[in-house]
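# Examination of the molecular architecture
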Amino acid sequence: MRRTSKLTRVAVGVASIALAATACGGTSDSDSSSSKEDLGLAIAYDIGGKGDQSFNDAAYAGLQKAQKEFGYKTADIEPTEGETDADKEQRLASLAKQGYNPVIGVGFAYGPAMDAVAKKYPDTTFGIVDSVVEGDNVASLVFAEQEASYLAGVAAAKATKTNTVGFVGGVDIPLIHKFEAGYKQGVQDTNSKVKVVSQYLTQTAEEGGFSSPDKGKAAAEGQIEKKADVVYQAAGLSGQGVIEAAAKAKVWAIGVDSDQYQQEALAAYKDYILTSALKDVGGAVYALAQSVDNDKPLTGVQTFDLKVDGVGLAESNPKMTEIPGLTDAVAKAKAGIIDGTIKVKTE
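Below you will find a few notes about this structure.

Cut-offs and rules
- Residues numbered from 1 in each chain as written.
- Predicted model: local features only at pLDDT ≥ 70, side-chain atom pairs only at ≥ 80, totals over all residues.
- Heavy atoms only, no water.
- Helix = DSSP H or I, 4+ residues; strand = E, 2+ residues; numbered from the N terminus.
- Buried < 20%, exposed > 50% of the residue type's maximum accessible area, 1.4 Å probe, protein only.
- Contact = heavy atoms within 4.5 Å.
- Areas by Shrake-Rupley, 256 points an atom, 1.4 Å probe, with all protein chains shown as cover.
- Axes fitted to C-alpha atoms, helices over the stretch in contact; angles between N-to-C directions.
- Parallel < 35°, antiparallel > 145°, perpendicular 65-115°, else oblique.
- Left-handed = near helix turned anticlockwise from the far one by under 90°.
- Nonpolar A, V, L, I, M, F, W, Y, C, P; charged D, E, K, R; others polar.
- Core = buried A, V, L, I, M, F, W, Y, C linked by side-chain atoms within 4.5 Å.
- Domains from an automatic or database assignment.

## Structural notes on the overall build of the protein
Regarding its fold elements, the protein presents 10 helices and 13 strands. Scored against the burial criterion, the 347 residues of the protein give a buried share of 57%. A separation of at least 24 residues holds for 69% of the contacts in the protein among residues at least 6 apart in sequence. Of the accessible surface of the protein, which amounts to about 14,200 Å², a share of 49% is contributed by carbon and sulfur atoms.

Listed below in C-alpha cells is the structure:
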C-alpha cells in the first residue's frame, strides 16, 4: 500500500499538528513533517463528537488500536454545530487530499458527502458507519442493531418488577427504529405481559436528539413516572441523561453501542447500568484500517452481526447474574438468533 516502512511509520507517529482550516472542525492528529505517503486512518465524528461514551468513542477506540498496531499518523475530527452536507464534504475531501487512507465518516449523516467525495478520490478507501454508499472505493460498515437490542429486551423483561420498561430513541429515523423493534420483540418474546413505553427525542438530528443529555433525562423521567423500571436508550450523547435519570430513581438503565458500565465518565451511575447493547464500531473501524494496511481494502456492504460478534450484550455488571433466569434467557436468545430460529424484526 502507499506507506513507508514500518520503522519510518513508527517514527513519524509521535508528534502532532492541527489539520488545515478546511477540515471544518476540531481535530487531533500527529506529525506535520511526514509526507503524504505516511498518512493512515482518519475518522470524522458524528453528532456529539468524542466523549459521548458511546458511538463516537467506540470509533475512536478503533482508531487508537490501528494507530498502535500500524504505527502511522491518524486524525480524528469533531463535527461543528449546524453544519451542512457541504461542510462534511469539505472535511472528507481535505482528509483525502492530505493523504489519509482510509477516511471514515462515523454516522449515516455522512452519506451524501461521501457519495460525492469518494468519486473524486478513487485511490482513497472510504468507510461510512451506519449507512450504505455505493462506490468501488467505499466500505459501508453496517450493523445488526436489532439483534443486540433483542437481547437487551430479553434482559429488560427478566429484570422488570413493574412489568413496564422504557425505550428512548434519539431521533425518529429508520436506524433507531431497528433498535426499538428488536428491543420490543425481545421483551414480548420473553414476557408478553410487559409493556414497552417508547419516546423519540426529536424528529431530526439537527434538533439535538443525539446530543442533548437534558432531553434524554426528561424523557426517562417521564417514563419512570409511568412505572418503567428499566429504560433502554439509543440516543448517543443524550443517553447520558437517561442513565442519570435512571440512577437517580434507582431503576435500571440499559446502555448502547459501548459497554457503558465500564465508561469512566459514567462511573457515578454504573450500579444502575444493567447492561449495554453492544455495537462494535471500533472493531469495524479497525477492520477497515487493517484491510487497507494489508493492501486488500474492504469495499461494499460489510455487515457486523451476532454471528461475527459485531453486536452483542455486555456482561460487565455482576448484578446481571443475580436476576433469576436472565443470563440463561439471554444465552438462549443469542443462540436462537445465530442459528436462525429467532428472526428479529427491523421495524
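## Brief notes about the packing of helix H7 (residues 213–225) against helix H8 (residues 239–249)
Where H7 contacts H8, the two axes come as close as 6 Å, and the packing angle between them is 40°. Taken as axis vectors, H7 and H8 run oblique relative to one another. For the pair H7 and H8, the crossing hand works out as right-handed. Of the residues in H8, those in contact with Pro213, Gly216, Lys217, Ala220, Glu221 and Ile224 of H7 are Gly241, Val242, Glu244, Ala245, Ala246 and Ala249. When the residues that make up the contact of H7 with H8 are grouped by side-chain class, the tally is seven nonpolar, two polar and three charged.

## Observations concerning the nonpolar core
In this structure, Leu41, Ile43, Phe167, Ile176, Tyr183 and Tyr232 are the most contacted members of the largest nonpolar core, which totals 65 residues. When residues in this core are grouped by element, the largest group, nine residues, is from helix H5 (residues 145–159). Counting contributing residues per domain, this core is built from domain 1 (40–143) and domain 2 (145–278 + 317–339), each supplying no fewer than three. The contacts of tyrosine 232, once residues within four sequence positions are left out, are Ser149, Ala152, Gly166, Phe167, Val168, Phe179, Tyr183, Ile254, Gly255, Val256 and Ala277. Ala42, Leu95, Ala113 and Val138 belong to the second-largest nonpolar core, a separate cluster that totals 20 residues.

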